[in-house]
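One-letter residues, chain by chain:
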Amino acid sequence: MIGLKDKIANSIIDFLKQNNIDAKKEDILFMFKKPEKLEFGDIAFPVFRYAKDFRKPPVEIAEQVKGFFEANPLKEIEKIEVINGYVNFHISPQWMFEKLVKEFEEKGEDFYKSDVLKGKTFVVEFSSPNIAKPFSIGHLRSTVIGNFLRNLLKSLGANVIGINHIGDWGTQFGKLIVAFKLWGNEEELEKDPVKYMLSLYVRFHKEAEENPSLEDKAREAFLNLEKGSEEERKLWEKFRTLSLKEFEKTYKRLNVHFDKVLGEAFYSDKIDRVVKILEEKGLLEESENALVVKLDDYNMPPCLIKKSDGATLYATRDIAAAIYRKETFDFDRMFYVVGSEQKLHFKQFFKVLELAGFEWAKDMEHIDFGLYRFKDGKMSTRKGRVILLEEVLDEAVNRIKEIMNEKNPDLTEEERENVSEILGTGAIIFNDLKNDRIKDVQFSWDEVLNFEGESGPYISYSFVRCKGIFRKAEGIEESGKYTATHESEIALIKKLFEFKDIMLSAYNNRKSHFIANYLLDLTKSFTTFYHNCRVVGEDKGISSFRKMLVKLTMNTLKAGADILGMRLPDRM
Ligand code: ARG
């Protein structure tokens, strides 16, 4: 729609010029609205602001605009209507359809890709779980939102570096090292690494209550680690490798990809430089046994840079990481996909970078999000412990398996396993991404798995239905000749045509629910079409045209799901 909106705006500018009014294209484009209902057209242009210039009521001005377009017609416009002070443009569905088909023929499966962001480099930091701890549902959001952004930016032609900023450094590893040395057992560790490490933590905290000297030992162990002591380093490396191996399984299930896995530890030798820079800028001050950057002037608590014992801190590693990434990737923009609870942390270290004179600090953005809230009893924090992502995924897959047994007992055992895995993980991904990320996610199994509701399986089901029709219509050749006979065909074409605009809105807002909701709408339009229009068994021309519509729907569903990072089954 973007090119067409430009064209319409140009005509409006010409019209205004004839009436001695100067207008800028951005302003006109900004004024365009989407009519509330499909029957009111596709683009509405309000003329109220020109009432003064024309000294006429808006309806009359709108009529004049309409007259101008009738005298200078655009082939893309089928009809123009004046509704109160609006000029409503009805775009020709034939033109839309032909444009879609042409694009599809030229670019194939890549039809939705564009080069809007060509030449731009984005760093997207996401997921970033902490090693030696289980992958909790809390890290799911960052993982799927970040993966979505990485996919979307790539589709828009950007150069994207997705980074997993693993939490693999900090005093907690001192604790783990001490605990392992005291009570650890190699065999147990290898058997179920992450669970075992977690149990060691728990034991450490319990025993430290009785014996506070353990805390000192832990601090010492972390300092040794920072200094590069062999013994501590070796243990740490083992913890890290074993954790990453487990995370890898989860990433595979979630269809998530990174370009770089660079943990916090990677920056431990880049801290001195940060301290030096901040010192030179006169930003560092002593406060309560630590070096800090005071941020009183900006209504924020001080940013902690270094503890008195020399141990580095979370924020310092973030400052070092930002500088490293700018120097290494020369990004135009950097996104940090991290929960809203860390808002202050990001504001603080962004400010420190700005104060230190890094003008690119303005190019960093915290992409924040809300929490999961569990409605149904079953998944609520059992015995008060964290909810593990693997458990949620397994539960989704198992529930789908049961539904599959009922709905489609014909599937082979292998197919059922396969389809359930795709649908179950996809359901969890979709359920997350369909929400405005700022809001909390109300998690309810009924909603997540509802095959007829606003869910991943609902999208998958339509996709599979498209595939089914396509198979049944095998002998029919799909055709780009427009022969719409039913309003549901037109509604479907208009929906299909929206996809690229939606991608842009999703990018401009950095929000996945634009795409997810679009896919739900598309599925609804397709379902209406499906119930009203037969593909097989009609006149050859009609069948061929409808088969093309099915093909376009199938590929758009696939493209949207790809951007969300959700796999789709071929059968179910
Ligand atoms: N590992 C951290 C956590 O789990 C998240 C890291 C966020 N990214 C960052 N650059 N600070 O809380």
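Read on for an overview of the structure. Computed from a predicted model, the values in this text were never measured in an experiment. (Residues numbered from 1 in each chain as written. Predicted model: local features only at pLDDT ≥ 70, side-chain atom pairs only at ≥ 80, totals over all residues. Heavy atoms only, no water.)

Looking only at helices and strands, the protein has 21 helices and 13 strands in total. Once the C-alpha set of the protein is aligned to its principal axes, its extents read approximately 85 × 65 × 40 Å. Residues counted as buried form 53% of the 572 residues belonging to the protein. The long-range fraction of contacts in the protein, counting pairs at least 24 apart against all pairs at least 6 apart in sequence, stands at 74%. (Helix = DSSP H or I, 4+ residues; strand = E, 2+ residues; numbered from the N terminus. Buried < 20%, exposed > 50% of the residue type's maximum accessible area, 1.4 Å probe, protein only. Contact = heavy atoms within 4.5 Å.)

Core analysis: the biggest nonpolar cluster contains 157 residues, and Ile8, Phe45, Tyr50, Phe69, Phe89 and Ile91 have the highest contact counts within it. The leading source of residues in this core is helix α21 (residues 540–564), at eleven residues. Residues contacting Tyr50, with those up to four places away along its chain left out, are Leu16, Ile21, Ile28, Met31, Phe45 and Ile61. Counting residues in hydrophobic clusters, the runner-up holds 38 residues, among them Leu262, Ile305, Ala322 and Phe350. (Core = buried A, V, L, I, M, F, W, Y, C linked by side-chain atoms within 4.5 Å.)

Before going further, it helps to spend a moment on the side chain of Arg253. Residue position: Arg253 is located in helix α11 (residues 230–254). On the basis of relative accessibility, which here comes to 14%, the residue Arg253 falls in the buried class. Sequence-distant contacts of Arg253, that is, excluding residues within four places in its chain, are made with Glu390, Leu393, Asp394, Val397, Glu421, Thr425 and Arg567.

Every α-helix carries 3.6 residues per turn, so stepping three or four residues along brings you back to the same face. An ideal rise of 1.5 Å per residue puts 36 Å on 25 residues; α21 measures up with 36 Å between its terminal C-alpha atoms. Buried residues dominate α21, accounting for 20 of its 25 residues. Gly565, located one to two residues past α21, shows a positive phi value of around 85°. (Expected span 1.5 Å × (residues − 1).)

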